[in-house]
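Here are the chains, one letter per residue:
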Amino acid sequence: METVVRAVIIFIFLTFALRIVGKRVLGEMSGYELILIILIPEILSQGLVGEDFSITNSIIGASTLLTLVMVNSFFSYRFKTYRDVLEGEPVILYNNGKFLTENMDKERVNVDDILNEIREIGFERFSQMKWIILESDGKISCIPFENNIVNPEHSKIV
Amino acid sequence: MEENIFSTPEVPSRLRFRNYQLVGMIFLFSIPLLAMTGLFSVKDKKIQTTKKNIEIKVDFNSRIRIGQTMKFNVSLNNISDSKIPSVEIDFAEDYVVQFEKVRSSPEMASKTGISLADLGPGEMKTAFIEMKAIEFGNHSGKLSVSSADEKLFETTLDTLILP
């Protein structure tokens, strides 16, 4: 009983904490990997199982967390509003030659991050891009103009 | 007109599962639900009886998890007008070896027994043992209470130690 309550509390806490931290942090992982993958489980495991390190308690804790993950995925699949609240929506960072700086500020994505993503998909300039979107999983999608044509109106952008 | 790249077609969705997923989910979901009912928690058991001139109460755990400490109480109440000479409380060795003694009051006289001094008329004494579960499985063994080589009470203790 106690372990189930602990698991529910930790799940709710992590769900909202990771949502607040922001999708970009989850998408990057490299710099924050240490905190998210190693330190947080280390800190929370004590809270999850308490002083009881029996296999029974571990299975109860793990199955409660897995159940919550599955229930969460059911709701996420069935209800768009739920999905939008918990996972967030994609955010446009760049649209046809225009940086949407308010969105970039809110998501803490800088121009260098975006340029890095552009290079990774084999392009070199913003002017080759039609859309740049921060997806809800934290990854940046760069959508170039069709046939890789550089828009002459945007050629003044790098 | 502004192009909305996030617009998606309306596709009806409903939850569907493969058979093995359904079986797995029922199994997975049942664990926290059963845990909420207390099925995997510590369960106390009380045995209370009156034999001859003595009232005996035994409190122990019939279910416990490995590594947890069982609090074991044996209370003896002399309900007669005469003194009951020194009382011995003995556990079956098969049962005791599944636990590691943490502490007891009074100190155990042997590996499996506790001695209590004479019980005066109307007097009540309690033996208290804390034992840590070290071997999982269902363990049972006899507990006997005797005085001056006369067996006053005997019962079987059953404890399930979850892994």
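Each remark here, short or long, concerns the structure printed above.
The following paragraphs examine the structure supplied in this document. (Residues numbered from 1 in each chain as written. Chains lettered and ligands numbered in written order. Predicted model: local features only at pLDDT ≥ 70, side-chain atom pairs only at ≥ 80, totals over all residues. Heavy atoms only, no water.)

## Side note on the overall build of chain B
Counting its secondary structure elements, chain B contains two helices and nine strands. Starting at the N terminus, the α and β elements of chain B follow one another as α-β-β-β-β-α-β-β-β-β-β. The C-alpha radius of gyration computed for chain B amounts to 26 Å, which surpasses the reference 15 Å derived for 163 residues by more than 25%, pointing to a less compact arrangement than a globule. In chain B, which comprises 163 residues, the share counted as buried stands at 39%. Looking at chain B alone, contacts between residues at least 24 apart form 62% of all its contacts between residues at least 6 apart. The averaged location of the 21 negative side-chain charges in chain B is 4 Å from the averaged location of its 20 positive side-chain charges. (Helix = DSSP H or I, 4+ residues; strand = E, 2+ residues; numbered from the N terminus. Rg over C-alpha atoms; globule rule 2.2 N^0.38 Å. Buried < 20%, exposed > 50% of the residue type's maximum accessible area, 1.4 Å probe, protein only. Contact = heavy atoms within 4.5 Å. Lys, Arg positive; Asp, Glu negative; His and termini not counted. Charge placed at Lys NZ, Arg CZ, Asp CG, Glu CD.)

## Considerations on the packing of aromatic side chains
In the structure shown here, the tally under the stated rule is 10 aromatic pairs over all chains. Measuring from centroid to centroid gives 6.4 Å for A:Phe74 and B:Phe29, while their planes differ by 50°, and the two rings are tilted. Linking A:Phe74 in helix 4 (residues 55-78) with B:Phe29 in helix 1 (residues 19-36), this pair reaches from one chain into another. We classify B:Phe29 as partly exposed; its relative accessible area is 23%. The interplanar angle of 65° and the centroid separation of 5.0 Å between the aromatic rings of A:Tyr94 and A:Phe99 together place this pair among those described as edge-to-face. Classification of A:Phe99 as partly exposed rests on a relative accessible area of 25%. (Phe/Tyr/Trp six-rings, centres within 6.5 Å; stacked < 30°, edge-to-face > 60°.)

## Details of the side chain of B:Ser75
All names here are of chain B. With respect to the element layout, Ser75 can be found in strand 3 (residues 69-78). At a separation of 3.2 Å, a polar atom in the side chain of Ser75 contacts the side chain of Thr126. Residues within four places of Ser75 in sequence aside, it is in contact with Glu55, Ile56, Lys57, Lys125 and Thr126. (Polar contact = N/O pair within 3.5 Å; in protein donor to acceptor, adjacent residues only side chain to side chain.)

## Examining the interface of chain B and chain A
With 22 residues of chain B in contact, the opposing surface of chain A contributes 26 residues. Here B:Arg65 ties to A:Asp52 by a salt bridge, and the two come within 2.7 Å at their closest N and O atoms. Applying the counting rule to chain B against chain A returns six residue pairs in polar contact (both at pLDDT 80 or more). Looking at the side of chain B that touches chain A residue by residue, the class counts come to 15 nonpolar, three polar and four charged. (Salt bridge = Lys/Arg side-chain N within 4 Å of Asp/Glu carboxyl O. Nonpolar A, V, L, I, M, F, W, Y, C, P; charged D, E, K, R; others polar.)

## Some words on a nonpolar patch on the surface
Taken together, A:Tyr77, B:Leu15, B:Phe17 and B:Leu22 make up a surface patch of nonpolar side chains, about 330 Å² in accessible area. Take B:Leu22: it is sitting in helix 1. (Patch = residues over 30% accessible without salt bridge, like charges linked within 9 Å, V, L, I, M, F, W, Y side chains within 5 Å. Areas by Shrake-Rupley, 256 points an atom, 1.4 Å probe, with all protein chains shown as cover.)

## A short note on the environment of A:Lys130
Residues and elements named next belong to chain A. In this fold, Lys130 is placed in strand 3 (residues 129-134). Given the relative accessible area of 23%, Lys130 is considered partly exposed. Counting along the chain gives 15 residues from Lys130 to Phe145, while the straight-line C-alpha distance between them is 5.2 Å.

## Things to note about the side chain of B:Ser146
With respect to the helices and strands, the residue B:Ser146 is situated in strand 8 (residues 137-147). Beyond its immediate sequence surroundings of up to four residues, B:Ser146 is in contact with B:Ser86, B:Val87, B:Glu88, B:Lys151 and B:Leu152.

## Overview of the pairing of strand 1 (residues 91-95) of chain A
Residue and element names in this part refer to chain A. In terms of burial, strand 1 is a largely internal element, five of the five residues being buried. Strand direction decides the pairing type here: strand 1 and strand 3, joined by four bridges, are antiparallel. What sits directly across from Val91, in strand 3, is Leu134. Bridge count for strand 1 against strand 2 (residues 98-99) is two bridges, and the pairing is antiparallel. (Pairing = 2+ DSSP bridges.)

## Remarks on the nonpolar core
As a rule of thumb, nonpolar side chains are buried together in soluble globular proteins. Counting 31 residues, the largest nonpolar core has B:Val58, B:Phe72, B:Leu76 and B:Ile89 as the members making the most contacts within it. Only strand 2 (54-65), strand 3, strand 4 (87-91), helix 2 (93-96), strand 6 (113-116), strand 7 (124-133), strand 8 and strand 9 (150-162) of chain B provide two or more residues apiece to this core. Looking at this core, the element that brings in the most residues is strand 2 of chain B, giving five residues. For B:Ile89, the residues in contact, after removing those within four places along its chain, are B:Val74, B:Leu76, B:Thr112, B:Gly113, B:Ile114, B:Leu116, B:Ala127, B:Leu143, B:Ser144 and B:Val145. Judged by nonpolar contacts, the second largest core, of 15 residues, contains A:Tyr94, A:Ile114, A:Met129 and A:Ile132. (Core = buried A, V, L, I, M, F, W, Y, C linked by side-chain atoms within 4.5 Å.)

## A closer look at the pattern of salt bridges
Residues and elements named next belong to chain A. Summed over the entire model, instances satisfying the criterion amount to 11 salt bridges over all chains. With its nearest N and O atoms 3.1 Å apart, the salt bridge here joins Lys106 to Glu102. Linking Lys106 with Glu102, this pair stays in helix 6 (residues 101-107), spanning four residues, or about one helical turn. Each of the two residues, Lys106 as well as Glu102, counts as exposed.

In short, the description is geometric, and any link to function would need to be established separately.
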